[in-house]
Amino acid sequence: MIHKRILMVCLGNICRSPLAEGILKAKVDTDFIYVDSAGTSAFHRGELPDHRSIEIGKKHNIDITEQRSRQFLAADFEIFDTIYVMDNSNKNNVLALAKNTEDRNKVKLILNEINSGQDLDVPDPYYNDGFENVYKMLNEACTHIANNI
Ligand code: 4NP
């Protein structure tokens, strides 16, 4: 029986949110907690995660190679209890599809889990690298999420 549904969102759904999905799945009982990820863009629809995210995951015993990129949809507000966005730009794009206050209240910046109220971004590693740093941030945030479910 699924008790809670959590969606991780970034821009491409190939670098940050696939790692966030894989990391959180490793920390919760997936019989009870459903975790998925999506991108605000459709740039990489149907693609595997970026090879650099796959490598960082593998290094930490997390296999994300079953994942394929998909776009965030307004219908996701009907499915998920919490939507964790990686940065403020993702947040604006997701909020643009919200229909009401209930939808808006589901959207949270993932780093506010560990840096409450600071509205920090998980830096986009696509052009700049920094995947290990992204992994560390997401691991810390997901530990907090898992401990507070
Ligand atoms: P992500 O990284 O949002 O963490 O998946 C990106 C992936 C692709 C692009 C930008 C960011 N892109 O512009 O194609």
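Located above this text is the structure these notes cover.
Residues numbered from 1 in each chain as written. Predicted model: local features only at pLDDT ≥ 70, side-chain atom pairs only at ≥ 80, totals over all residues. Heavy atoms only, no water.

**Student:** Sorry if this is basic, but what is going on with the site of the ligand here?
**Tutor:** Near the ligand, the surroundings consist of Cys 10, Leu 11, Gly 12, Asn 13, Ile 14, Cys 15, Arg 16, Phe 43, His 44, Asp 124, Tyr 126 and Tyr 127. At 2.8 Å, a backbone N or O of Gly 12 approaches an oxygen atom of the ligand. Asp 124 has a polar side-chain atom sitting 3.4 Å from an oxygen atom of the ligand. Notes on the ligand: free accessible area 360 Å², of which the protein chains cover 92%. Looking at the shell around the ligand residue by residue, the class counts come to seven nonpolar, three polar and two charged. (Near = heavy atom within 4 Å. Polar contact = N/O pair within 3.5 Å; in protein donor to acceptor, adjacent residues only side chain to side chain. Areas by Shrake-Rupley, 256 points an atom, 1.4 Å probe, with all protein chains shown as cover. Nonpolar A, V, L, I, M, F, W, Y, C, P; charged D, E, K, R; others polar.)

**Student:** Help me understand helix α1 (residues 16-27) in this model?
**Tutor:** Helical periodicity: at 3.6 residues per turn, an α-helix aligns residues three or four positions apart in one direction. Helix length check: α1 (twelve residues) gives 17 Å between terminal C-alpha atoms against 16 Å at 1.5 Å per residue, within 8%. When we look at burial in α1, the residues that qualify are Arg 16, Ser 17, Pro 18, Leu 19, Ala 20, Glu 21, Gly 22, Ile 23 and Leu 24. Contacts made by the buried residues of α1 are with β1 (4-10), β2 (33-39), α2 (51-59), α4 (88-95) and α6 (131-147). (Helix = DSSP H or I, 4+ residues; strand = E, 2+ residues; numbered from the N terminus. Expected span 1.5 Å × (residues − 1). Buried < 20%, exposed > 50% of the residue type's maximum accessible area, 1.4 Å probe, protein only. Contact = heavy atoms within 4.5 Å.)

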